[in-house]
There are 2 protein chains.
Amino acid sequence: MKKETKNLALKRLSAYLSEKKLRATSQREIILGTFIDMGKHTTAEELYEALKKFDSSIGHATVYRALRLFVDAEIARELNFNDGSVRYESIVGKEPHDHIICKKCGAMVEFLDESIRQAQDEIAKKYGYALKNRSHILFGVCPKCRR
Amino acid sequence: MKKETKNLALKRLSAYLSEKKLRATSQREIILGTFIDMGKHTTAEELYEALKKFDSSIGHATVYRALRLFVDAEIARELNFNDGSVRYESIVGKEPHDHIICKKCGAMVEFLDESIRQAQDEIAKKYGYALKNRSHILFGVCPKCRR
DNA sequence: GTCTCTGCAAAGCATTTGCATGTAC
DNA sequence: GTACATGCAAATGCTTTGCAGAGAC
């Protein structure tokens, strides 16, 4: 299942690369594979560290450039949890969703609320905007930390 | 009306300062007054530049520290439009609201949707979180830029 | 007088950029 | 062979911090 996600992501990458006449490099494949393996909400720095473990030759800049590429290719999306660095999450084979995060311990829940999505669509329509991304993050204190 | 907002903000600041046994300094007053005057979605850097115009002695760090103070005092809130720096907005005498922003030109509309607020409350309740902040920003292409 | 606040400059991060070299096509 | 991609190191931009002196209470 993780394997399938990875294949799907790689397929999407190569489709995007050939569509845009960009080059398929081993780095891009390796970075994408590692990114998918890591699970979610990854920092460029965290991904760079993970990559170093089995291919120490991949540079800092390449990781940053690859992540931007993945966003353009609609393989990943940016998340900003206001913790100092941008995080990336794979959107391959995933339901759209939002996040609620504990301000104390960082515990996070993903949720999907259809009524919110619809309201967002209506708002965009009302103001004549073509909706591209939705950044919706709730901050609170989780049950454990409330005790 | 702007005057009243400013007075309200200053009052809230001094209440917070005495509650927390912190000191009322002229810098804090000046920074708050200028912040309110500037209107909304201000960067620390922008505020610093504005301040330099009539009091060149206020330092960088003081502006950053003051803005954090205003957030703690519930005079301002942080906004992250993913444009590289944190923005601050006064919440004194204002309805709660969210933003929809044009990815091309930056045009921005504020909106308030009660159904979204309620859905957020329900989600927080469902997962047992005590809701503290809501970060909800939509990105799209505005009517002008779509033409 | 004490303790906090300020201004300055330096430090700290995350991210981007310039450039020479490498490599996909 | 010709772009485009990469790695490196330097640069950039935002924000924080350490510290000595200034100011509030």
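Use the structure listed above.
As a starting point, this report considers the structure included with it. Values in this document were obtained by computation on a predicted structure and should not be read as measured data. (Residues numbered from 1 in each chain as written. Chains lettered and ligands numbered in written order. Predicted model: local features only at pLDDT ≥ 70, side-chain atom pairs only at ≥ 80, totals over all residues. Heavy atoms only, no water.)

1. Some thoughts on the interface of chain B and chain A
Here comes step 1: Counting residues at the interface gives 36 residues for chain B, matched by 36 residues for chain A.
Here comes step 2: Surface buried jointly by chain B and chain A totals about 3100 Å² across both partners, of which 62% is contributed by carbon and sulfur atoms.
Here comes step 3: The largest contributions to the chain B side of the interface with chain A come from B:Ile123, B:Tyr129 and B:Ser135, which together make up 20% of the buried area.
Here comes step 4: Joining chain B to chain A, the criterion identifies 19 residue pairs in polar contact (both at pLDDT 80 or more).
Here comes step 5: Counting residues per element, the ones that place at least two in the side of chain B that touches chain A are β4 (98–102), β5 (108–111), α5 (114–127), β6 (130–141) and α6 (143–146) of chain B.
Here comes step 6: With 12 residues, the single largest contributor to the side of chain B that touches chain A is β6(B).
Here comes step 7: Here 11 bridges tie strand β6 (residues 130–141) of chain A to β6(B), and the two strands are oriented antiparallel to one another. Across the sheet, residue A:Phe139 finds its bridge partner in β6(B), namely B:Asn133. (Contact = heavy atoms within 4.5 Å. Buried area = accessible area lost by both parts, 1.4 Å probe. Polar contact = N/O pair within 3.5 Å; in protein donor to acceptor, adjacent residues only side chain to side chain. Helix = DSSP H or I, 4+ residues; strand = E, 2+ residues; numbered from the N terminus. Pairing = 2+ DSSP bridges.)

2. Description of the relation of the copies chain B and chain A
Here comes step 1: Between chain B and chain A, the superposition needs a rotation of 180° and an axial shift of 0.0 Å, giving an RMSD of 0.1 Å. Put plainly, the chains are arranged around a two-fold axis. Looking at the rotation axis and the C-alpha trace of chain B, the residue lying nearest is B:His136, at 2.1 Å.
Here comes step 2: Interface overlap between copies: 100% of the residues of chain B at the interface are likewise at the interface in chain A, consistent with a symmetric, same-surface contact. (Least-squares fit on C-alpha atoms with pLDDT ≥ 70 in both.)

3. Things to note about the pairing of strand β3 (residues 87–90) of chain A
Residues and elements named next belong to chain A.
Here comes step 1: The alternating pattern of β3 places Arg-87 and Glu-89 on one face and Tyr-88 and Ser-90 on the opposite face, and all of these are buried.
Here comes step 2: Here strand β1 (residues 42–43) pairs with β3 via 2 bridges, running antiparallel. Residue pairing in the sheet places Thr-42 in a bridge with Tyr-88 of β3.
Here comes step 3: With 4 bridges joining them, strand β2 (residues 76–79) and β3 adopt antiparallel strand pairing. Note on β3: the bridge partner recorded for Ala-76 is Ser-90. (Buried < 20%, exposed > 50% of the residue type's maximum accessible area, 1.4 Å probe, protein only.)

4. Here we look at the protein's contact with DNA strand D
Here comes step 1: Neighbouring DNA strand D are 21 residues; A:Arg23, A:Thr25, A:Gln27, A:Thr62 and B:Arg23 lie closest to it.
Here comes step 2: In the model, a phosphate oxygen of DNA strand D is placed 2.5 Å from a nitrogen or oxygen of the A:Thr62 side chain.
Here comes step 3: When residues of the surface near DNA strand D are traced back to their parent elements, those giving at least two are α2 (26–37) and α4 (60–72) of chain A together with α4 (60–72) of chain B.
Here comes step 4: At 5 residues, the largest contribution of residues to the surface near DNA strand D is made by α4(B).
Here comes step 5: Each residue belonging to the surface near DNA strand D can be placed in one class, and the counts come to 7 nonpolar, 8 polar and 6 charged. (Near = heavy atom within 4 Å. Nonpolar A, V, L, I, M, F, W, Y, C, P; charged D, E, K, R; others polar.)

5. A short note on helix α2 (residues 26–38) of chain B
Residue and element names in this part refer to chain B.
Here comes step 1: With 13 residues, α2 extends 18 Å between its outermost C-alpha atoms, agreeing within 8% with the 18 Å of an ideal straight helix rising 1.5 Å per residue.
Here comes step 2: Of all the positions in α2, only Ile-31, Leu-32, Gly-33, Thr-34, Phe-35 and Ile-36 are classed as buried.
Here comes step 3: In this structure, the buried side of α2 is in contact with α1 (2–19), β1 (42–43), α3 (44–52), α4, β2 (76–79) and β3 (87–90).
Here comes step 4: Backbone geometry just downstream of α2 places Gly-39 in the positive-phi region, at approximately 85°. (Expected span 1.5 Å × (residues − 1).)

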